[in-house]
Amino acid sequence: MQMGEARSLYNHLPGLLGLGAMLLLPAVVPDPYIWGILVMANLYAFLAAGFDILLGYAGLPVIGYGLFVGVGAYLAALLNLSFGLPPWLTVPLAGLGGAVFGLLLGLSCLRLKGLYLALASFAAAAICEKVVIVFYDLTNGHEGLSGLDPISSHPLLDYYLSLLVMAAGTAALLMVVRSKVGLVLNSIKDNQEAAEAVGIDTTRYKLLAFVLASFLGGVGGGFLGHYTMHVGPNMFGLHIALTIIMIAIVGGLGTITGSIGASYLLIILNEALREVGEARLLIYTVITVVIMLALPKGVMPPLLNLLHRVLRRLTPRRRRGWKGGLGDASDT
Amino acid sequence: MAFRPRPRPERPTPGARSVLIEILIYGSVASAVYAMLAIGLSLMIGIARVMNLAHGTFYMLGAYGVFTGAVVLGLPLAAAFALSVSAVGCIAVALNRICLRPLKGNIDAMLVMTLILALMFEEVIQLIFGPRPRPVPYFIDGRLLIFGVSVPDQRLLVVAVALGVILGLWLFIARTRVGGAILAVAQDPEAAALMGVDSGRITLLIHFLAAFLAATAGILVSPFLSTNPGMWLWPLVKAFTIVILGGLGSIWGSILAAVILGFSETIVSFALSSRLTELVALAILFLVIILRPSGLMGSRVGN
């Protein structure tokens, strides 16, 4: 029992260290500008973790992930601007709205994967983008809606709220994927027919992946809308979805936590290269292409393995509980 | 893409007959461009088995290539054209060797990779040429009067070149040894390999041909559609719409679907608004995938 607890603590050490670092970060860097950047890093990590459920676990390339972000953002904006609901209500409702769209898209795309799913989800997102632009009276067309209530009254509180949302979201996803569900989703990715042959209700699990991911997308979109106090039709679009996808890939598909590391890495890199000019997406794309070719599992699994190796060197032999590998579904 | 020209105020209200002729002409122009894009994509999916979301990029690079050649370097038009298509073809071949081959046929990785490459090229082009549209001069001036409707020669050139290129491609595939090898790989890659066909080289050839077709389309429309860094997206969506509507792997299906999409878009843009043309393609794409994934005439390869 004691041994088991030590091992579980040991396995969670990198995560706990990371969380501790993020909690203490505002004290180390007392600069509201940096906090703002980190809020975006947290939000993109959260969104990328949601996308990871789809592509990394269930093998569903939902390129139109922006659909959920946009739905969440506009729902939060309309609830906030028209009905005066506060952000702590609109953001969860945005998640529910996203989940409804996720369920609808999942139901209509149940039999699809690969190219067809990618295109169908892209088309769904693009259609919603066009519809939002057409309903000018409600959505203010291309301009989008401005003047949403901010998430909180203080930048420090913004940072901790985004950290809370990100940590809660990724922890919940980790619990899901480390349960039977993660294995089942992986089996669907590897061979759907075989999964069905052993009696797995693949439909239900695929829908679950859609609903989980779209709930996160909706929450992320709603939070993003409140934080920037603006929502626009581009939130449905390919650029934001691709940024999310790239973060998930750089971090490592099928890891959930990799998205956090990749989001912070890319955001910090982006700030370091601010003087270079407006080449943010170019740098992201080049890095992602290189990572896909050189490290198909992403940067986080090798980094974590390295960390584990270093930690093992540092700890006394008696308490050694870790056996190598990451111990989650990414090893398959 | 709005193939319909902006209405000029001095033109008198057209009668029903001339509207019909305009729809016929502009629908043919749109169909010709779409057919060139979709045939290349169909070859790419059916024979090279690459789900290429960077296909629209070749179209964009073709347009910027001819802009570089004809406007920046001041080359004669034919030289700029040749330079552009060969450069784009080589880029396509290089992308296959460097970025797609290591993915070993993993479809999801291929989709994401090609989409990220498309975004990368958009950013590169934006860094080099800026976000503003770059104007390309008309290749041929003048207008032709067809049944009382005055049409710029440039647009007729699109139809003529497209027909020529498609006919040439058909002759190449149907009449040459290399074309036979392409057909063999399309039918059964392993059997073709046993007969001594180097399927790796066929894949590269297909990439070159597909990029050549897309770049030609981009070059031909560059004088009358704006040449801007984001111009790859909608041709890509429309090419996929056509390929899926026509049925993956079916060239004739692609041509038929190109005509259907080209004309339905033109009709919508004349009857309702040219802003809705993109919605037409999206709706067709979504509905065909959901309701009839095998398309009009084809097999289900993409799943």
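Refer to the structure printed above.
Since this is a predicted model, take the numbers as computed values, not measurements. (Residues numbered from 1 in each chain as written. Chains lettered and ligands numbered in written order. Predicted model: local features only at pLDDT ≥ 70, side-chain atom pairs only at ≥ 80, totals over all residues.)

1. So, the overall build of chain A
Looking only at helices and strands, one finds 15 helices and 2 strands in chain A. Taken against the 2.2 N^0.38 rule, which gives 20 Å for 332 residues, the C-alpha radius of gyration of chain A at 20 Å falls within 12% of a compact globule. Projected onto its principal axes, the C-alpha positions of chain A cover 70 × 55 × 40 Å. When each of the 332 residues of chain A is scored for burial, the buried share is 47%. Intrachain contacts of chain A at a sequence separation of at least 6 include 82% that bridge at least 24 residues. (Helix = DSSP H or I, 4+ residues; strand = E, 2+ residues; numbered from the N terminus. Rg over C-alpha atoms; globule rule 2.2 N^0.38 Å. Buried ≥ 20, exposed ≤ 12 C-beta atoms within 10 Å, placed from the backbone. Contact = placed C-beta atoms within 7 Å.)

2. Focus on the interface of chain A and chain B
Contact residues are listed per partner, giving 31 residues for chain A and 29 residues for chain B. Listing elements by their share of the side of chain A that touches chain B, those giving two or more residues are α6 (114-134), α12 (238-251) and α14 (280-294) of chain A. Taken together, the residues that form the side of chain A that touches chain B break down as 24 nonpolar, 5 polar and 2 charged. (Nonpolar A, V, L, I, M, F, W, Y, C, P; charged D, E, K, R; others polar.)

3. Focus on helix α15 (residues 300-314) of chain A
Residue and element names in this part refer to chain A. Counted at 1.5 Å a residue, the expected span for α15 with its 15 residues is 21 Å, and the 21 Å between its end C-alpha atoms agrees. Among all positions of α15, only Met300, Pro301, Leu304 and His308 are buried. Here the buried residues of α15 occupy an arc of 95° about the axis, which is enough to place them on one side. With respect to the buried face of α15, the exposed residues turned more than 90 degrees away are Pro302, Leu306, Arg309, Val310, Arg313 and Leu314. Packing partners of the buried residues in α15 comprise α2 (13-28), α12 and α13 (258-272). (Expected span 1.5 Å × (residues − 1). Arc of directions from axis to C-beta.)

4. Remarks on the nonpolar core
Nonpolar side chains in soluble globular proteins tend to be buried together. Core analysis: the largest hydrophobic core is formed by 197 residues, its most contacted members being Ile244 of chain A together with Val33, Ala38 and Leu285 of chain B. If we skip the residues at most four places from it in the chain, Ala38 of chain B touches Ala239, Ile242, Val243, Ser254, Ala257 and Ala258 of chain B. (Core = buried A, V, L, I, M, F, W, Y, C linked by C-beta atoms within 7 Å.)

5. A look at the packing of helix α3 (residues 77-100) of chain B against helix α4 (residues 107-129) of chain B
Residue and element names in this part refer to chain B. Running from N to C, α3 and α4 cross one another at 130°; their axes reach a closest spacing of 12 Å. Between α3 and α4, the crossing angle belongs to the class labelled oblique. Of the two possible hands of crossing, α3 and α4 adopt the one that is right-handed. Contact residues: Leu95, Cys99 and Leu100 in α3; Met110, Met113 and Leu117 in α4. Looking at the contact of α3 with α4 residue by residue, the class counts come to 6 nonpolar, no polar and no charged. (Axes fitted to C-alpha atoms, helices over the stretch in contact; angles between N-to-C directions. Parallel < 35°, antiparallel > 145°, perpendicular 65-115°, else oblique. Left-handed = near helix turned anticlockwise from the far one by under 90°.)

6. A few points about α2 of chain A
With 16 residues, α2 of chain A extends 21 Å from end C-alpha to end C-alpha; this agrees with the ideal 22 Å at 1.5 Å per step. A maximum bend of about 30° is found in α2 of chain A at Met22 of chain A, where proline Pro26 of chain A lies one to four positions downstream. (Bend = angle between axes of the 7 residues up to and from the residue.)

Interpretation in functional terms is not warranted from these geometric data alone.
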